[in-house]
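Here is how the chains run, residue by residue.
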Amino acid sequence: MKFGMRKISPRKSFAARTKGRATRAMKRALIPGYGKRGMGMFHPRRKAYQAIYSRTTFSLGDLFRHR
């Protein structure tokens, strides 16, 4: 498990904004329940990992965002 600041990856960031966005839009149109809140109950291990990861790491943008 990672602790601290996440490493910046411009290549992955660009992919998430282009191809990833199109893929998610297509899946959202075809698969009922895709991208909806509460779907983590079908993947409990992934949900637990993500809950811990999001609490123990932060990005560069989080340093400049006011909470």
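Keep in mind that what you see is a predicted model, and the values were worked out from it rather than measured.

The rules behind the values
- Residues numbered from 1 in each chain as written.
- Predicted model: local features only at pLDDT ≥ 70, side-chain atom pairs only at ≥ 80, totals over all residues.
- Heavy atoms only, no water.
- Patch = residues over 30% accessible without salt bridge, like charges linked within 9 Å, V, L, I, M, F, W, Y side chains within 5 Å.
- Areas by Shrake-Rupley, 256 points an atom, 1.4 Å probe, with all protein chains shown as cover.
- Salt bridge = Lys/Arg side-chain N within 4 Å of Asp/Glu carboxyl O.
- Helix = DSSP H or I, 4+ residues; strand = E, 2+ residues; numbered from the N terminus.
- Lys, Arg positive; Asp, Glu negative; His and termini not counted.
- Charge placed at Lys NZ, Arg CZ, Asp CG, Glu CD.
- Phe/Tyr/Trp six-rings, centres within 6.5 Å; stacked < 30°, edge-to-face > 60°.
- 1 Å grid on protein atoms, 1.4 Å probe; cavity = no way out; pocket = protein on both sides within 12 Å on 5 of 7 lines; lining within 4 Å.
- Points joined across faces, edges and corners; volume = space filled by probe spheres on them.
- Nonpolar A, V, L, I, M, F, W, Y, C, P; charged D, E, K, R; others polar.
- Polar contact = N/O pair within 3.5 Å; in protein donor to acceptor, adjacent residues only side chain to side chain.

### Considering a nonpolar patch on the surface
On the surface, Met5, Ile8, Phe58, Leu60, Leu63 and Phe64 cluster together into a nonpolar patch covering about 600 Å² of accessible area. Looking at the nonpolar patch, the element that brings in the most residues is helix H4 (residues 60-64), giving 3 residues.

### A short note on a positive patch on the surface
The grouping of Arg17, Arg21, Arg24, Arg28 and Lys36 at the surface amounts to a positive patch. If one sorts the elements of the positive patch by residue count, helix H2 (residues 19-30) sits on top with 3 residues. In this structure, lysine 36 sits in the loop between H2 and helix H3 (44-56).

### Quick word on the packing of aromatic side chains
Taken as a whole and assessed by the stated rule, the structure comprises 1 aromatic pair. Judged by centre distance (6.0 Å) and plane angle (15°), the rings of tyrosine 49 and tyrosine 53 are stacked. In this pair, tyrosine 49 and tyrosine 53 both sit in helix H3, 4 residues apart, roughly one turn of the helix.

### Thoughts on the layout of surface pockets
Gaps between atoms show up when a probe of the same size as a water molecule is rolled over them. What the largest pocket holds in volume is close to 330 Å³. The volume enclosed by the second largest pocket comes to roughly 210 Å³. Forming the boundary of the second largest pocket are Arg6, Lys7, Ile8, Ser9, Lys12, Ser13, Ser59, Leu60 and Gly61. Contributing elements (two or more residues each) for the lining of the second largest pocket: helix H1 (10-17) and H4. Of the residues contributing to the lining of the second largest pocket, the split by class is 2 nonpolar, 4 polar and 3 charged.

### Focus on the side chain of threonine 57
By the secondary structure assignment, threonine 57 is in strand E2 (residues 57-58). At 2.8 Å, the side chain of threonine 57 and the side chain of arginine 6 are in polar contact. Within the local environment of threonine 57, its side chain forms a polar contact with the backbone oxygen of tyrosine 53, the two atoms lying 2.8 Å apart.

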